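The residues making up each chain are set out below.
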Amino acid sequence: APGCSRRPRRPGTSNTAPHPNYAAPMGTTAKEEMNKFWAKNAKLNRPMSPHLTIYKWSVPMMMSITHRGTGVGLSGAISAFALAALVLPGNYPYYLDLIHSLYIGPYLIGLAKFGIAFPVSYHTYNGIRHLWWDIGKGFKIPEVYRTGYTVIALSVITSIAVAFL
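Since this is a predicted model, take the numbers as computed values, not measurements. (Residues numbered from 1 in each chain as written. Predicted model: local features only at pLDDT ≥ 70, side-chain atom pairs only at ≥ 80, totals over all residues. Heavy atoms only, no water.)

(A) Seen up close, the side chain of His67. With respect to the secondary-structure elements, His67 resides in helix α2 (residues 59-87). Residue classification places His67 among the buried positions, given a relative accessible area of 15%. The contacts of His67, once residues within four sequence positions are left out, are Tyr122, His123, Asn126, Gly127 and His130. (Helix = DSSP H or I, 4+ residues; strand = E, 2+ residues; numbered from the N terminus. Buried < 20%, exposed > 50% of the residue type's maximum accessible area, 1.4 Å probe, protein only. Contact = heavy atoms within 4.5 Å.)

Spelled out as structure tokens, the structure:
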């Protein structure tokens, strides 16, 4: 009989094979499937999926992008610093003295401190905000904006405070 099998069925499953039109033939490559997909969409005059250009920019969108960017940037910077510490000759006091000998001025040093402190503080505060979301709090739109502006303000204040140290 159709659909019968000698193997016992697990609850919630079917012994019938998927419809042949839903599965890609085994002899095709991903590139061929992609080309078929785009050809079909062009033939049917379907629009391309929306992209960032159609969306109105908002604070939560910008903060999400910035959170990802600061995460990637901090990971890269920490990795580069660790690699440099492993492969460069000399030790930490040598490079610290080298930086002090450049005498680049207090304003540029303050700007550098702010530039280092802002991604760290922003990513930390926004990470706390994400943890708050993980427990299911703060999803109403006014709360999203209020916590977003709070993260930005705390990040700027913390970064300025660190720059003055």
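(B) Up close: helix α1 (residues 30-43). The first and last C-alpha atoms of α1 sit 20 Å apart over 14 residues, in line with the 20 Å expected at 1.5 Å per residue. One or two steps after α1, the chain reaches Asn45, where phi turns positive at roughly 60°. (Expected span 1.5 Å × (residues − 1).)

(C) View of the packing of aromatic side chains. On inspection of all chains with the given rule, the structure shows 6 aromatic pairs. The interplanar angle of 75° and the centroid separation of 5.1 Å between the aromatic rings of Phe37 and Trp38 together place this pair among those described as edge-to-face. On the basis of relative accessibility, which here comes to 45%, the residue Phe37 falls in the partly exposed class. Pairing Trp133 with Phe139 gives two aromatic rings, centres 6.1 Å apart and planes at 25°, and the pair type is stacked. (Phe/Tyr/Trp six-rings, centres within 6.5 Å; stacked < 30°, edge-to-face > 60°.)

(D) Representation of the environment of Ala77 in the model. By the element assignment, Ala77 lies in helix α2. Taking relative accessible area as the criterion, Ala77 reaches 45% and is therefore assigned partly exposed. The spatial distance from the C-alpha of Ala77 to the C-alpha of Ile116 is 9.9 Å, given a sequence separation of 39 residues.

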